[in-house]
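Below are the chains, spelled out letter by letter.
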Amino acid sequence: MTDEHDGSPQDVADVLAVSRAWSRAIATNDVAGIADATTDDWVIVSDTGPSDRAHFLDVVARGRLRHSAMDLASEPRLVVHGDVALLTARFTNTAHVGDETFQADEWTTDVFLRRHGRWRCALSHITAAREP
């Protein structure tokens, strides 16, 4: 892991722990766990544009979007600057939309903010990975 930062080793450990818990929550379709790892104003940006937290949680809660896997596929790069942390990593995942299954290989950059002593993700940006 690359960890260029002015944050403490505890900051790094805390951000990585939130990221791992969030990945588990997504892989198990745990709406409460996803909500716990994200800020109220969290947005995810993909090739279809931005989607806000309320919409994302709703489609997961209704079973319209399900995941059966969310796996780290690269060493994460984590940079901590005070109360902001930037985490970039490659993830593979298996998503189910209706009766269709999609395998995804994506680079993800997540912006974490420390608020009231807790790290939570405020912004995610995903980009499809290409083989070299």
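The preceding data block contains the structure.
These numbers were taken from a predicted model, which means no experiment stands behind them.

Description of the packing of aromatic side chains
Applying the stated rule across the entire model yields three aromatic pairs. When the centroid spacing of 6.3 Å and the interplanar angle of 90 degrees are considered together, the rings of Trp22 and Phe112 count as edge-to-face. Taken together, the positions of Trp22 in helix 1 (residues 9-27) and Phe112 in strand 6 (residues 100-115) put the pair 90 residues apart, joining distant regions of the chain. Here Trp22 falls in the buried class, since its relative accessible area comes to 6%. For Phe112, a relative accessible area of 0% translates into the label buried.

Focus on the nonpolar core
Formed by 29 residues in total, the largest nonpolar core has its most connected members in Trp22, Ile34, Phe56, Leu78, Ala85, Phe112 and Trp119. Elements with a contribution of two residues or more to this core: helix 1, helix 2 (31-37), strand 1 (38-46), helix 3 (53-61), strand 3 (65-72), strand 4 (77-81), strand 5 (84-97) and strand 7 (118-128). Of all the elements, helix 1 adds the most residues to this core, at seven residues. Beyond its immediate chain neighbours, meaning those up to four positions away, Ala85 contacts Val15, Leu78, Val79, Val80, Asp110, Val111, Phe112 and Trp119.

Overview of helix 3
Listing the buried residues of helix 3 in full gives Arg53, Phe56, Leu57, Val59 and Val60. Within helix 3, the buried residues cover an arc of 165 degrees as seen down the axis, which keeps them to one side. Turned more than 90 degrees from where helix 3 packs its buried face, Ala54 and Ala61 sit exposed. The secondary structure elements touched by the buried residues of helix 3 are helix 2, strand 1, strand 2 (49-52), strand 3 and strand 7. The N-terminus of helix 3 is capped by Asp52, whose side-chain oxygen sits 3.3 Å from the backbone nitrogen of Ala54. Once helix 3 finishes, Gly63 follows within two positions and takes phi at roughly 80 degrees, a positive value.

Structural notes on the pattern of salt bridges
Counted under the stated rule, the structure contains seven salt bridges. With a closest N to O distance of 3.0 Å, Asp36 and Arg118 form a salt bridge. Residue Asp36 is located in helix 2, and its partner Arg118 is located in strand 7; the two are separated by 82 residues in the primary sequence. Close ionic contact of Arg115 with Asp41 constitutes a salt bridge, the shortest N to O distance being 4.0 Å. With Arg115 in strand 6 and Asp41 in strand 1, this residue pair connects regions lying 74 residues apart in the sequence.

Conventions adopted
Residues numbered from 1 in each chain as written. Predicted model: local features only at pLDDT ≥ 70, side-chain atom pairs only at ≥ 80, totals over all residues. Heavy atoms only, no water. Phe/Tyr/Trp six-rings, centres within 6.5 Å; stacked < 30°, edge-to-face > 60°. Helix = DSSP H or I, 4+ residues; strand = E, 2+ residues; numbered from the N terminus. Buried < 20%, exposed > 50% of the residue type's maximum accessible area, 1.4 Å probe, protein only. Core = buried A, V, L, I, M, F, W, Y, C linked by side-chain atoms within 4.5 Å. Contact = heavy atoms within 4.5 Å. Arc of directions from axis to C-beta. Polar contact = N/O pair within 3.5 Å; in protein donor to acceptor, adjacent residues only side chain to side chain. Salt bridge = Lys/Arg side-chain N within 4 Å of Asp/Glu carboxyl O.

All we've got here are geometric facts, nothing functional implied.
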